[in-house]
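Chains, contacts and geometry: an overview
What follows is each chain in one-letter form.
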Amino acid sequence: MHWHAEFAWLGDHMAADVLIEADGERFTRVTPGVPAPPDARPLPGLTLPGLANAHSHAFHRALRSRAQGDRGTFWTWREQMYAVAERLDPDTYRALATAVYAEMALAGVSCVGEFHYLHHRPGGEPYDDPNAMGEALIAAAADAGIRITLLDTCYLTGGIGRPLQGPQLRFGDGTAGNWARRVDSLYDHTGKSGRLHARVGAAVHSVRAVPREQIGAVADWARQRRAPLHVHLSEQPAENEACRDAYGMSPTRLLAECGALGARTVAVHATHLTDEDIGLLGTTMTGVCMCPTTERDLADGIGPARDLAAAGSPICLGSDQHAVIDLFEEARAVELDERLRTRERGHWTAGSLLAAATWNGHYGLGWPEAGRLEPGSYADLVTVALDSPRTAGAGPDHLAEAAVFAATAADVRHVVVSGREIVRDGRHLLVGDVAAALDSAITAVTQEA
């Protein structure tokens, strides 16, 4: 299998006339400056490594447009989210997630990190297969042709010192030990079943949802398996206040004392941090996933991404609740939000933002062998049109800037994941009519009973 890219971003520079060769799932050779062989598939435009969406809640996609009608707050939005969560079962979740992951594929995403806490039946009773909902998500990723890291989430309390209630009962396993026993079976099954598109990691939902004495058990599970560990961190000032009232410290300090920070950990949002928090995350090389389109949709605030990166935290990107699914928009928002915060320009280069959308995200999801156009890396690529109304006129010296600051998901033309073409000329080859699939799946879980 080989492709010939008009232009390709090779991590530290842009190259023209790039022959990209693969054997099975991996690239074998990437050669710039060569004429196109007659049997190579042409890739007009700019070719990038596959994008990594490091933070997803697939079922939140059903809230798009429905949750924008009233002023509300994060907490009133959450009530709408719970209403959708109540209606999902393994079959409807697989259908919805397949459509959402297909939308991601159309946007150039080759790998998703699914932050998964919707584990059990309404009321909290396990399914006959306790991992039926997680299995539905793994199957959905295969149906859509992308890879997945299922970040199985420990979610035990409805707030610090408060029990789970109502829809939250679906999330809980009672204790971190029960959570670990359930996820062990999923981890073992995924590892032994030949499902090469899927890996299993861990997540602490938040310091609100996992008591101090149980956080360490989740971190230990991930450490023993060398698996990624993700956690929602300081998304809301109320979370920080509750943590200080209960434990006398910030959520970041609490995670540090529980052994939950480190190079395999990714803190999601990290919006309301102190200087001490930033230092703790940076010195432990804890990654940070910024989700700007969600953070602005929910009026959460602008996180200190530039300060975190300077302190030592790799930055990756996620579309979270999927108000939009567009990693180019997430990437440019990191820079543009920083401009609003500081009233200065030029905090990030286009190349560093492309790295956040590609290799950094794959590393944070436990796929360090993906996210680069180089021999040995997974054969993932996405080609962006340079002749759309948004990208037309970009000169050869400014193509990275065109991708980050001008292109949108609508400019993605071709997507290859693990050597397999899944999007051609803007059409999903496995799902077909993605809009119809989304409409059907969302209607099934939002219509009144």
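These remarks concern the structure in this document. These figures come from a predicted structure and were not determined experimentally.

Under the criterion given, the structure shown has 10 aromatic pairs. Each ring, one from phenylalanine 59 and one from tyrosine 93, has its centre 6.1 Å from the other, and the planes form 75°; the classification is edge-to-face. Of this pair, phenylalanine 59 sits in the loop between β5 (51-56) and α1 (74-87) while tyrosine 93 sits in helix α2 (residues 90-106), and the two are 34 residues apart along the sequence. Taken as a pair, phenylalanine 59 and tyrosine 93 share a single burial class, namely buried. Judged by centre distance (5.5 Å) and plane angle (55°), the ring pair of tyrosine 117 and tyrosine 155 falls under tilted. Placement of tyrosine 117 in the loop between β6 (109-116) and α3 (132-144) and of tyrosine 155 in the loop between β7 (147-154) and α4 (176-192) is noted, with a sequence separation of 38 residues between them.

A few words on the nonpolar core. Generally speaking, nonpolar side chains in soluble globular proteins are found buried as a group. Within the largest apolar cluster, 131 residues are counted, with the highest numbers of intra-cluster contacts made by Phe59, Leu88, Tyr101, Ile148, Ile215 and Trp221. If one sorts the elements of this core by residue count, α2 sits on top with nine residues. Once residues lying within four places of it in the same chain are set aside, the contact partners of isoleucine 148 are Tyr101, Cys111, Val112, Glu114, Leu137, Ile138, Ala141, His197, Ala198, Arg199 and Trp367. If you look at the next biggest cluster of nonpolar residues, it comprises 15 residues, including Ala15, Val18, Ala22 and Phe27.

Moving on, we come to the packing of α2 against helix α15 (residues 434-446). Packing of α2 against α15 brings their axes to within 9 Å, and their N-to-C directions diverge by 145°. With respect to the hand of their crossing, α2 and α15 are arranged in left-handed fashion. From α2, Thr92, Ala95, Leu96, Ala99, Val100, Ala102, Glu103 and Leu106 reach across to α15, where they touch Val434, Ala437, Leu438, Ala441, Ile442 and Val445. In terms of residue class, the contact of α2 with α15 is built from 12 nonpolar, one polar and one charged.

Scoring rules and cut-offs
- Residues numbered from 1 in each chain as written.
- Predicted model: local features only at pLDDT ≥ 70, side-chain atom pairs only at ≥ 80, totals over all residues.
- Heavy atoms only, no water.
- Phe/Tyr/Trp six-rings, centres within 6.5 Å; stacked < 30°, edge-to-face > 60°.
- Helix = DSSP H or I, 4+ residues; strand = E, 2+ residues; numbered from the N terminus.
- Buried < 20%, exposed > 50% of the residue type's maximum accessible area, 1.4 Å probe, protein only.
- Core = buried A, V, L, I, M, F, W, Y, C linked by side-chain atoms within 4.5 Å.
- Contact = heavy atoms within 4.5 Å.
- Axes fitted to C-alpha atoms, helices over the stretch in contact; angles between N-to-C directions.
- Left-handed = near helix turned anticlockwise from the far one by under 90°.
- Nonpolar A, V, L, I, M, F, W, Y, C, P; charged D, E, K, R; others polar.

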